[in-house]
Amino acid sequence: MTSDAAETKGPNPGITPYLCCRSALRALDFYRVAFGAVERSRQMQPDGRLGHAEIVVGKSVIMLADEFPEIGFRSPRSLGGSPVYLHLQVERVDSVFERAIAGGAKQLRPVSDQPYGERSGQLEDPFGHVWILATPKAG
């Protein structure tokens, strides 16, 4: 049995998160400093909003843009939160977590050893997106 959905093509195979951020230019800076994101592209709109950007965090691509409520594209801040959590595996969770907090993120759950083999913590970035930062524990 084959599925058209299982076939991935193009520069971003698989599923790519697309984040809506209030103040998306600030979000680009936050993700660069906190998570080591590398900006791949940026497209500004004539009205000054960020229409589309792509960043790379580790091996993953994340797309993001400013809010465009006129087409239903709203950030977690406008919606009162987000049900989607982003899980980011890093080499040194404690230092990445501290850097994100210093950059304006809010701690939701402190970094600690988990029974399922990770050292992880949970935070909300300044734009309302929830991240689980984790490092696998040495086995």
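Residues numbered from 1 in each chain as written. Predicted model: local features only at pLDDT ≥ 70, side-chain atom pairs only at ≥ 80, totals over all residues. Heavy atoms only, no water.

Trainee: Explanation requested: the environment of Y31 in the structure shown.
Mentor: The residue Y31 is located in helix α1 (residues 24–35) in this model. On the basis of relative accessible area, Y31 is assigned to the buried category, the value being 1%. Spatially, the C-alpha atom of Y31 lies 9.0 Å from that of D125, the residues being 94 residues apart in sequence. Setting aside residues no more than four positions away along its own chain, Y31 makes contact with L19, C21, G36, A37, I55, D125, F127, H129 and W131. (Helix = DSSP H or I, 4+ residues; strand = E, 2+ residues; numbered from the N terminus. Buried < 20%, exposed > 50% of the residue type's maximum accessible area, 1.4 Å probe, protein only. Contact = heavy atoms within 4.5 Å.)

Trainee: How should I be thinking about the sheet that holds strand β3 (residues 50–57) in this particular structure?
Mentor: Across a sheet, paired strands are connected by hydrogen bonds in the backbone, their directions being either parallel or antiparallel. One open sheet accounts for four strands, arranged β1-β4-β3-β2; its pairing is mixed. The open sheet terminates on both sides in strands that have one partner only, identified here as β1 (18–21) and β2 (38–44). Adjacent strand axes in the sheet meet at a mean angle of 20°, parallel and antiparallel pairs treated alike. Bridge count for β2 against β3 is six bridges, and the pairing is antiparallel. Its bridge partner lying in β3, E39 is registered against I55. Across the sheet, α1 touches β1, β2, β3 and β4 (60–66), and the angle it forms with β3 is around 5°. (Pairing = 2+ DSSP bridges. Axes fitted to C-alpha atoms, helices over the stretch in contact; angles between N-to-C directions.)

Trainee: Please explain the packing of aromatic side chains as it appears in this structure.
Mentor: Note on aromatic pairs: each is described by the distance of the centres and the angle between the planes. Inspection of the entire model under this criterion finds eight aromatic pairs. For the pair F30 and F127, a centre-to-centre distance of 6.1 Å together with 70° between the ring planes defines the contact as edge-to-face. In this pair, F30 is assigned in helix α1 and F127 in the loop between β7 (118–124) and β8 (130–136), connecting sequence segments 97 residues apart. No difference in accessibility class separates F30 from F127, as the two residues are buried. Summarising the aromatic geometry, the rings of F35 and W131 are spaced 4.6 Å apart at their centres and angled 45° between planes, so their arrangement reads as tilted. Linking F35 in helix α1 with W131 in strand β8, this pair joins segments that are 96 residues apart in sequence. Given a relative accessible area of 2%, W131 falls into the buried group. By the ring-pair criterion, three or more aromatic residues cluster together here, those being F30, Y31, F35, F127 and W131. (Phe/Tyr/Trp six-rings, centres within 6.5 Å; stacked < 30°, edge-to-face > 60°.)

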